[in-house]
Amino acid sequence: MRVLLCVLCLFFALPVHAAGRAECRSVPSKILARRVAYCVLLPPSYDSEKARRYPVLYFLHGLGQNEQALLDSGGWNLIQDLWDQKQIGEFVIAAPDGGRSFFINSRDGRQRYEDFLVKEFMPFIETHYRARDGRRNRGITGMSMGGYGALHLAFRHPELFGSVSAHSAALIVNLPRGSLGDSGEAAVSRALGGAFGTPFDRAFWDRNSPFTLARNGPRPTGLHVYFDCGTEDDFGFNRGAQAFHDLLVSRGIPHEFHLYPGRHDLSYFAEHLPASLEFQSRSFFH
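Residues numbered from 1 in each chain as written. Predicted model: local features only at pLDDT ≥ 70, side-chain atom pairs only at ≥ 80, totals over all residues. Heavy atoms only, no water.

Asks: Give a detailed account of the state of the cysteines, specifying residues and quantitative values.
Replies: Applying the stated criterion across every chain, the model contains one disulfide. Across the disulfide, C24 is cross-linked to C39 (sulfur-sulfur distance 2.0 Å). On the sign convention where negative means left-handed, the S-S torsion of about 105° between C24 and C39 marks this disulfide as right-handed. On the criterion of sequence distance, the pair formed by C24 in strand β1 (residues 21–29) and C39 in strand β2 (residues 34–42) is long-range, its members being 15 residues apart. (Disulfide = S-S within 2.5 Å. Helix = DSSP H or I, 4+ residues; strand = E, 2+ residues; numbered from the N terminus.)

Asks: Kindly report on the packing of aromatic side chains, identifying the contributing residues and their values.
Replies: One pass over the structure, following the stated rule, counts 26 aromatic pairs. Both rings, one in Y38 and one in F121, keep their centres 5.8 Å apart while their planes meet at 65°; by these two values the pair is edge-to-face. You can see Y38 sitting in strand β2 and its partner F121 sitting in helix α4 (residues 113–128), a full 83 residues away along the chain. As far as the burial class goes, Y38 and F121 line up, both buried. Within the aromatic cluster, the residues linked to one another by ring pairs are Y38, Y58, F103, Y113, F116, F121, F124 and Y129. Here the guanidinium or amino end of R130 rests over the ring plane of Y46, the centre of that ring lying 4.0 Å away. (Phe/Tyr/Trp six-rings, centres within 6.5 Å; stacked < 30°, edge-to-face > 60°. Buried < 20%, exposed > 50% of the residue type's maximum accessible area, 1.4 Å probe, protein only. Lys NZ or Arg CZ within 6 Å of the ring centre and 35° of its normal.)

Asks: Tell me about the environment of E114, and please be specific about residues and values.
Replies: With respect to the helices and strands, E114 occurs in helix α4. On the basis of relative accessible area, E114 is assigned to the buried category, the value being 4%. Residues E114 and G98, 16 residues apart in the sequence, show an inter-C-alpha distance of 9.7 Å.

Asks: Talk me through unusual backbone geometry; I want residue IDs and the actual numbers.
Replies: The amide bond that connects T198 to the next residue, P199, takes the cis arrangement and shows omega of 5°. Mapped onto the secondary structure, P199 falls in the loop between α6 (181–191) and α7 (202–208). A positive phi angle is found at A33, which is not glycine, with a value near 55°. With respect to the helices, strands and loops of the structure, A33 is situated in the loop between β1 and β2. A33 sits in the exposed class, given a relative accessible area of 69%. Backbone geometry at S168 places phi at a positive 50°, although glycine is not the residue there.

Asks: Could you give me a rundown of the pattern of salt bridges, with the residues and numbers involved?
Replies: In total, this model carries eleven salt bridges according to the counting rule given. E23 is the partner of R25 in a salt bridge, and the nearest nitrogen-oxygen pair spans 3.6 Å. Among the residues examined, E23 registers a relative accessible area of 12% and is labelled buried. If you follow the salt bridges from partner to partner, you end up with R21, E23, R25 and D47 in one network. (Salt bridge = Lys/Arg side-chain N within 4 Å of Asp/Glu carboxyl O.)

Asks: Kindly report on the nonpolar core, identifying the contributing residues and their values.
Replies: By size, the foremost hydrophobic cluster in this structure holds 62 residues, and its most contacted members are Y58, F121, I125, I140, F155, F196 and F244. Among all residues touching I140, those that are not within four sequence positions of it are L57, Y58, L60, A150, L153, A154, F161, S163, V164, S165 and Q280. The next biggest cluster of nonpolar side chains, apart from the first, holds 18 residues, and it includes L57, L70, I79 and L273. (Core = buried A, V, L, I, M, F, W, Y, C linked by side-chain atoms within 4.5 Å. Contact = heavy atoms within 4.5 Å.)

Asks: Any details on the side chain of N208? Residues and values, ideally.
Replies: Mapping N208 onto the fold places it in helix α7. N208 has contacts with I104, Y148, H152, R156, F196 and L213, leaving out every residue within four places of it along the chain.

Asks: Go over the sheet that holds strand β5 (residues 138–143), please, and point to the residues and values.
Replies: An order of β1-β2-β4-β3-β5-β6-β7-β8 is seen for the eight strands of this open sheet, with the pairing classed as mixed. Every interior strand has two partners, whereas the edge strands, β1 and β8 (256–260), have only one. If you compare each strand with its neighbour and ignore which way they point, the axes differ by 15° on average. In this sheet, strand β4 (residues 92–96) lies alongside β2 in antiparallel orientation, the contact comprising four bridges. Bridge pairing in β4 places V40 opposite A94. Contacting β1, β2 and β4, helix α3 (residues 75–84) runs over the sheet at an angle of about 35° to β2. Packed onto the sheet, helix α5 (residues 145–156) meets β3 (56–60), β5, β6 (163–167) and β7 (224–230) and runs at close to 150° relative to β5. (Pairing = 2+ DSSP bridges. Axes fitted to C-alpha atoms, helices over the stretch in contact; angles between N-to-C directions.)

Asks: Describe the packing of α4 against α5, and please don't skip the residues or the numbers.
Replies: Two numbers describe how α4 lies on α5: the axes approach to 12 Å, and their chain directions differ by 60°. Considering their axes alone, α4 and α5 lie oblique with respect to each other. Between α4 and α5 lies a crossing of right-handed hand. On the side of α4, the interface is formed by E114, L117 and V118, while α5 contributes H152, L153 and R156. Its residues assigned to classes, the contact of α4 with α5 shows three nonpolar, one polar and two charged. (Parallel < 35°, antiparallel > 145°, perpendicular 65-115°, else oblique. Left-handed = near helix turned anticlockwise from the far one by under 90°. Nonpolar A, V, L, I, M, F, W, Y, C, P; charged D, E, K, R; others polar.)

Asks: Before we move on, could you go through the environment of F91 and cite the residues and values that matter?
Replies: Within the secondary structure, F91 sits in the loop between α3 and β4. On the accessibility criterion, F91 (0% relative accessible area) is buried. The sequence separation of F91 and Q280 amounts to 189 residues, and the corresponding C-alpha distance is 9.6 Å. In this structure, F91 is in contact with L41, P43, Y54, P55, L57, W83, L277, S281, F284 and F285, ignoring residues within four places of it in sequence.

Put into structure tokens, the structure is as follows:
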């Protein structure tokens, strides 16, 4: 009995892990004519400090994933640890289901996902989850397809975002030139989720590319930019990341860029997720 009491005393003496909570729901969309699933990760003080407002970080998942990517991959546990250890400040993380959209308006006009995100999803989140006002309190991040989407959205709408980060973003320097034939174009369309047309529309790809937006658009003022990629990326996105870095340097756009050892997989993402979250936290709170 005495041993049991000692064990119970030790158990209750352990520090409380105040690590926030996650909830997954859906939002109606007139633009997409359906409901869209999302998960929101709420910081430790969210339920106890009812008058407090928070910055919002939008997280965009990779191809083949959904709104629960952070929950399924162990990313939520990493975020909880970072909050618990005070390595990042407290902010809301909102993750919508993007399907295979690349988070853009599709070539055929049937899936206006970018319009949904900017005109419906972001206003919904920021009115339902006590968000702080203003661009500096809004960031966007993603991995792989979601990394492409985050860079695309931040450089197309720099007035909306104060920060952007990406891991292993689907950055392709040069698609094969010349005719690929019907089967080749169909294969490219399948690999890229179909958002860029079936058959694949190279001109539409070019117009939406973060390279094009960063090269031809106005230099974004006050946009904090971070991206990294594995040196052994399975799809060669490391070459795209290096080229994007070179482009930003040539245009004098401040940013943080890293190539680390690793492939295009969840272990690479898990290892480097804390770095981008700390980057976003600094953007929000400093």
